[in-house]
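# Structural description and commentary
Letter by letter, the chains look like this.
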Amino acid sequence: MPTKKFPFDYFSYGFSSCNAIPAKELSQFNSSDEEILQLANSDKLVFIVSAFFPEDYSFFSQGRVFLDEIVAPFSRKNYYREIVVRLKAMTREYRESKYLTKSDVRFFANSRLPEKFLGLSSGLGFIGKNSLLIHPDCGSKFLIGGFILPNDEDLDDYLFNGEILDSMCGDCTICSEVCPAAAISSASGFDRQRCFQNSIVEERALSLEEIVSRDRFIYGCMFCQDSCPYNINASPAPVLFDIEKGAIPKIDIVDILSLGDSAVNYLEKLLKGTNLGMSWMSKKALLQSILIYSINVTSYLNNEKIKHINRAENEYIEILTQMVFAYKHSKFDLLRETATKLENYYEFVKKSN
Ligand code: B12
Ligand code: SF4
Ligand code: SF4
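Residues numbered from 1 in each chain as written. Chains lettered and ligands numbered in written order. Predicted model: local features only at pLDDT ≥ 70, side-chain atom pairs only at ≥ 80, totals over all residues.

## What about the pairing of strand β2 (residues 44–52)?
- Here β2 lies mainly inside the structure; eight of its nine residues are buried.
- The sheet contact formed by strand β1 (residues 17–22) and β2 spans six bridges and is antiparallel. Across the sheet, I21 pairs through a bridge with V46, a residue of β2.
- The sheet contact formed by β2 and strand β6 (residues 142–150) spans nine bridges and is antiparallel. Bridging across to β6, V49 finds its partner in G145. (Buried ≥ 20, exposed ≤ 12 C-beta atoms within 10 Å, placed from the backbone. Helix = DSSP H or I, 4+ residues; strand = E, 2+ residues; numbered from the N terminus. Pairing = 2+ DSSP bridges.)

## A few points about helix α11 (residues 283–296)
- With 14 residues, α11 extends 20 Å from end C-alpha to end C-alpha; this agrees with the ideal 20 Å at 1.5 Å per step.
- Counting buried positions over the 14 residues of α11 gives eleven, a clear majority of the element.
- Here α11 has its buried residues at K283, A285, L286, L287, Q288, S289, I290, L291, I292, S294 and I295. (Expected span 1.5 Å × (residues − 1).)

## Comments concerning the nonpolar core
- The biggest cluster of nonpolar side chains holds 80 residues, and the ones touching the most others in it are V46, F47, I48, L143, L286, I290 and L320.
- When residues are assigned to domains, this core turns out to be shared by domain 1 (10–55 + 78–158) and domain 2 (181–215 + 251–352), each giving three or more.
- Aside from chain neighbours lying at most four places away, what touches I290 is I218, I253, I256 and L257. (Core = buried A, V, L, I, M, F, W, Y, C linked by C-beta atoms within 7 Å. Domains from an automatic or database assignment. Contact = placed C-beta atoms within 7 Å.)

## Looking at the environment of M323
- Along the chain, M323 falls in helix α14 (residues 315–328).
- Its 21 C-beta neighbours within 10 Å are what place M323 among the buried residues.
- The spacing of M323 and K341 is 18 residues in sequence and 9.8 Å in space, taken between C-alpha atoms.
- In this view, M323 contacts L208, I211, L335, T338, A339 and L342; residues no more than four positions away in its chain are not counted.

## Section: helix α3 (residues 79–98)
- With 20 residues, α3 extends 29 Å from end C-alpha to end C-alpha; this agrees with the ideal 28 Å at 1.5 Å per step.
- Among the residues of α3, Y79, E82, I83, R86, L87, M90 and Y94 are the ones counted as buried. Viewed end-on, α3 has its buried residues packed into an arc of 125°, placing them on one side of the element. What points out from α3, more than 90 degrees from its buried face, is the exposed set K88, R92 and E96.
- On the buried face of α3, the contacting elements are β2, α2 (73–76), β3 (106–108) and β6.
- Just beyond α3, the residue with positive phi is Y99, at close to 55°. (Arc of directions from axis to C-beta.)

## Let's talk about the sheet that holds β3
- Read across the open sheet, the four strands follow the order β1-β2-β6-β3; overall the sheet is antiparallel. Either end of the sheet is taken by a strand with one partner, and the two such strands are β1 and β3. Averaged over all neighbouring strand pairs, the angle between strand axes comes to 20°, with direction disregarded.
- The strands that α3 touches are β2, β3 and β6; relative to β6, the one it contacts most, it runs at about 25°. (Axes fitted to C-alpha atoms, helices over the stretch in contact; angles between N-to-C directions.)

## Considerations on the site of ligand 3
- All residues adjacent to ligand 3 are G128, K129, N130, C169, C172, T173, I174, C175, S227, C228, P229 and Y230.
- For the shell around ligand 3, the secondary-structure elements that each account for two or more residues are α5 (174–178) and α8 (229–232).
- Of the residues contributing to the shell around ligand 3, the split by class is seven nonpolar, four polar and one charged. (Near = placed C-beta within 6 Å. Nonpolar A, V, L, I, M, F, W, Y, C, P; charged D, E, K, R; others polar.)

## Description of the environment of E115
- Turning to its location among the elements, E115 is positioned in helix α4 (residues 115–121).
- Take E115: there are 18 C-beta atoms within 10 Å of it, and that puts it in the partly exposed class.
- As a C-alpha pair, E115 and G146 span 31 residues in sequence and 8.4 Å in three-dimensional space.
- Excluding residues that lie within four positions of it along the chain, E115 makes contacts with I144 and G146.

The following block contains the structure:
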């Protein structure tokens, strides 16, 4: 992997590739994004880097289902914290070497800026059918980070002078075929609401297909990336900093479900400070995901500790259980009946809120 020593030794900070673009040039891509337009009015330089995340698929502990094991690998660890630590360290080094002040250099990751667009317009990669930025040699398993810096001729070597890349997916449709949430379609593109990475962000009614498809992870997923040919030969970058902070507790989901009505409060407290503790992650939606998962995984239905929740005590769970049963056994009359029940239930909940 080529690396330049000055001014950024980005590789030793764990970044795999980097490119820069003068902010002014961003406007040529006709972005309607407010943040981009503001940036394009400045005399700054935007410097984009990519940070790989290593894979971590641990196997299920036999016979039991633990919370941390049914969260997708990417979401078990806080790679965002990791990239921020790296960006901060690089910013400090650059500022000191150039005698700049704090306000001269900004860094960003998972910010309000459209980061895939910045990656694309700086030539770092193309946008794939899975909607992610894909580096032709390094694949898509990376996070995007960047810096906004004063223009500086020492950075000229990093400037991207080529054409922005058109999609290199060609006829491939692998990601749309493997996506369990049917979130990727050749005709209509990427449906962010359906993506499992969105499953605990919003509290919403799920369709039957969505319910039945949630039998692998309660939050997040990597299928569209794991199966992408561009990721097959990509190698992970070194992990230089601590990504163990915020680990999700190893707790049997039966112990969560057996709490019944107090499970949401329990999750709120249990997950504070962990990777599932972010304020934008709804604990109600998380509980819904855990329930659906446990209903889909049939052996859990017979667990004595949670049997009572699967009975009439909670109408919602009762309906979901019936629907999944009907769907799996092709009992279409029952399916229609329960689908109507679910609709009525949602109406009832809407009215009573
Ligand atoms: C909201 C969000 C989500 C949502 C919606 C994602 C989506 N694809 O829309 C959810 C929760 C579903 C999600 C999921 C994931 N996310 Co997310 N997410 C974001 C976030 C915070 C904002 C994205 C957004 O809505 N921006 C606003 C819209 C308007 O911009 P945009 O989506 O970037 O689209 C622009 C460009 O793509 C551009 N564009 C597209 N095609 C073309 C073509 C041409 C020719 C041109 C000129 C422009 C252009 O135009 C669009 C408008 O400006 C970004 C961080 C960020 N600040 O960008 C991370 C981000 C996109 N996510 C990221 C990741 C890693 C993921 C997951 C892989 C996590 C996981 N499960 O492992 C999944 C991937 C699912 C998937 N297949 O996309 C990374 C993507 C890295 C990469 N290689 O692309 C980002 C960039 C975070 C980061 N800093 O690294 N995410
Ligand atoms: S992350 Fe999973 S659910 Fe989301 S688009 Fe990719 S394969 Fe589909
Ligand atoms: S799996 Fe195929 S279609 Fe999907 S992003 Fe990768 S190359 Fe493109």
